[in-house]
Amino acid sequence: MSKYLKGNYQLMKEKPEPAAKPEETVTEEFERRALERLGGSIAFVMKRNTFVWRGDKAGEQENRESG
Amino acid sequence: MAKILFLNPVVREEDDPRHVPYGLALMAAIADREGHDVQVFDANAWRPSDEDLREAIEADRWDIVATGGITTTYGYVKKTVRFARRYSPGALIFVGGGLITSMPHDVMGFLPEIDLGVIGEGFVTWLEILRCVERGERDWSQVNGIIYRDASRRGRLTPPRPLISMEELDRLPYPAWEFFPLDIYFRNSCVLLSEEAMQAKRRLDVNASYGCSLICRFCFHLGLTGDLQYVEGSDGLDVTFTHHRNIRWHNPRYIVSLVKYAKERFGIDFIAFLDENLMTMNVSTGGKWIPEICDLWIKEGLQPRCVREGISHNPETCDGVHWGGTSHATLVRQEVLTRMKEAGCSYLDYGLESFSDRILKTIGKGATARTNEAGVRMTMEARIRPIPNQIIGFPDEFFDSIRDCVEAWERTGIVAKPFFATPYPGSEWYYAYKDRILEQYDGDLEAFLLDLGDATKITAVISANFNAVELLGLRELMIQRDLKRINEYEKEWRRIHGEPRFPEAERLSKLRDQRGRDATVALLRSSKTGDAE
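Residues numbered from 1 in each chain as written. Chains lettered and ligands numbered in written order. Predicted model: local features only at pLDDT ≥ 70, side-chain atom pairs only at ≥ 80, totals over all residues. Heavy atoms only, no water.

## Some remarks on the packing of aromatic side chains
All names here are of chain B.
So, point 1. Counting across every chain of the model gives 28 aromatic pairs over all chains.
So, point 2. Between F83 and Y87 the ring centres are 5.7 Å apart and the planes differ by 70 degrees, which places this aromatic pair in the edge-to-face class. Of this pair, F83 and Y87 both sit in helix α4 (residues 74-87), 4 residues apart, which is roughly one turn of that helix.
So, point 3. Between F273 and W323, the ring centres sit 5.6 Å apart and the planes meet at 85 degrees, which makes this aromatic pair edge-to-face. Here W323 lies in strand β14 (residues 322-327) and F273 lies in strand β13 (residues 270-273), a separation of 50 residues in the sequence.
So, point 4. A residue is classified by how much of its surface remains accessible, and F273, at 7% relative accessible area, is buried.
So, point 5. For W323, a relative accessible area of 2% corresponds to the buried category.
So, point 6. Members of the aromatic cluster, joined through ring pairs, are F398, F399, F466, Y489, W493 and F502.
So, point 7. One cation-aromatic arrangement involves R54 over Y87; the distance from NZ or CZ to the ring centre is 5.7 Å. (Phe/Tyr/Trp six-rings, centres within 6.5 Å; stacked < 30°, edge-to-face > 60°. Helix = DSSP H or I, 4+ residues; strand = E, 2+ residues; numbered from the N terminus. Buried < 20%, exposed > 50% of the residue type's maximum accessible area, 1.4 Å probe, protein only. Lys NZ or Arg CZ within 6 Å of the ring centre and 35° of its normal.)

Below, the structure is given as C-alpha cells:
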C-alpha cells in the first residue's frame, strides 16, 4: 500500500515492495556530482534523457527513436 | 650559489588546491639544475595562516624571494611581497607570470615592495638573474625581459626577451614536482570533467605546448605566443598585446617521456594537459602532432588497461595513464579523436562560448554554431566527454543570442552555467573597454584586480545591453532553460530601452578595415590544406 496516501478508508490493493534501487552507475555519479558543482568549466553533456515531460510530441518522438 | 624561496600564491580560494603550478615548478627545476639552494612554500596547497607565512619567510636568509602567477593571484601576491619585504628585508623580491606581464608599470606602482618583474617567458631571463645575483651584480638595465626600479624607484622595462626555440623547449628540465606537497594535490586529483578524471587518484598537469594561433578577444596568452610587443612611449618602453603569433610545442618524445617519468616517480594515473589549445598545434603540424603523441603513449605502455582490453574503467585495477586536454570545435577531426580515445583521452575542453553566430563572429575563434554542435557530437561519438564551456555577457549579447544558446543546449544535452564575459588584463577586451571597467570601480584599477576571479562570478560588465543584475538573472533563466521568462523580459527590456546596441561588431569592423584579413581565417584555411600557418 502506498505510504504516500492517507485517507478515511483502507486501500485494498497491496502493492509489492519496490525492488531495491539499482546502484548508481559511474556515469550517473559523474553527472550528478557535476550538476551539483555546475559552473564555469564544470559543464557536461548529459548522456541520458531526463525524466521531465516535454509534451506529447516530444514524448512520441523519443518513443519512436528508442523503439 | 643563491638561496631562493619560491612562494606559490593562493588561487581560487573557494576551491581545494588542485593544480601544481607548472611554471613555478619549471623555474624551481631550472634553479635546482644550476646548483642553487631552493625551497618552495606552496601557500595554495597549505592555505596557511599569516603566522605560517611569516615563519616560512623568516626560515632562512634568502637572496631571492620569488612569486607570481596569473592575474587573479594579485591579492595574495600583494600580501606575500609585503611580508617578504618586512621579514626578509635583504632579499631581492621578484615577481613573474601573467600578473606582471599584462601590466608591468601598474603592478610596480601598486606594489612598491617588488624589486624585479620578469615580463613574458622567463626561462632564460631567470637564469641571467640568478647569475647576476651570484656575482653580486645589481645593474638590471643589462638584463633583457624584465622591469626593474631605476634610481628614482620608477619601473623601467628593458628590451624584450625573445621566446626560446622549440629545440630549446625540449632541453628544459622536467618540472620540480618533488618540491611541492603532492599529497595535498593528489587528495584533490578528482576533477569533474569525465568519469575517469573524477576517479583519478594521482593526477598531475603538463603543458605540452605554448600559445594558441587564434585571436579570441577575451584571451591573454601571458606573452608566450608572440603576442607580447613593446612600444616606445613618452615615458620609456611599455607593453602591448597583438595578434602576432609564434606558437611552439614540445616534441612528442619529450611529452611522453615526461609522463612516463611522472608515472614511474610519482605513480600518476591521470594527466591534465594545460595547453591553451591542443588542436591548433595539431593543425600547425599538418595533423601529425597529436597522432604521434598517441602512438608513443601506447608504445611506451601508457595506454590504460580498460581501453586496451575494452572493459569498464576500474581505478583500482587499471594501469596506464588516462588524460584530458583542450580542443577546438572547428579544428577537431573524427580520426584524431579516435586515436586520442585509443591512447586514453577521456575529456576535451571546448571553449564553445556561445551558439549564436552573431556573437561568434565577434570572438575571433573561427567557430560557428554549426561547428560547435558538430564538435560536441563528434567528440561524444568518439566516447570522449566534451566539456562545453559557455560565456554570457559578451559586449553584443542580446536576447537572440541567449535563446540560441538555450535551444542548442536542448538539442545537444549540454548542461552548463556560463562564465561571465570578463575583460582580463592583457586581453583585447581589456584595452577596448578599459574606460568602462574603470567607471565601474570609481577609477581604481587595483580594486578591479582584487575583484577578479575565475569568471564564474560577475566583475566588470562589458555588455552594451545588460547590466550585472540582468546578466545574473538571465544566466539563472538560461540554466533553467526558461525561454518563456526570457521572452517576457525581452518585451519589458524593449519597452524601457528600445533597440539593442552592438558596439563590438562595429569596433571589429573598423579594425578589420585597418588591419586587413583576420588571422583566424588563415589558420582555418591551413587546417583544411594541412599547411602550417
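## Some points on unusual backbone geometry
So, point 1. Residue R12 of chain B is not a glycine yet carries a positive backbone phi of 45 degrees.
So, point 2. Counting through the fold element by element, R12 of chain B comes out in the loop between β1 (3-8) and α1 (22-33).

## So, the sheet that holds strand β4 (residues 92-96) of chain B
What holds strands together in a sheet is hydrogen bonding between their backbones, with the strands either parallel or antiparallel.
Residues and elements named next belong to chain B.
So, point 1. Pairing is mixed across the open sheet formed by 7 strands, whose spatial order is β2-β1-β3-β4-β5-β6-β7. Each edge of the open sheet is held by one strand with a lone partner, namely β2 (37-42) and β7 (155-157). For this sheet the average axis-to-axis angle between neighbouring strands, irrespective of direction, equals 20 degrees.
So, point 2. Where β1 meets β2, 6 bridges bridge the pair, whose relative direction is parallel. The residue bridging L7 from the neighbouring strand is F41, located in β2.
So, point 3. Along the sheet face, helix α3 (residues 50-57) touches β1 and β2 and points at about 160 degrees away from the line of β1. (Pairing = 2+ DSSP bridges. Axes fitted to C-alpha atoms, helices over the stretch in contact; angles between N-to-C directions. Contact = heavy atoms within 4.5 Å.)

Honestly, it's all geometry; don't read function into it.
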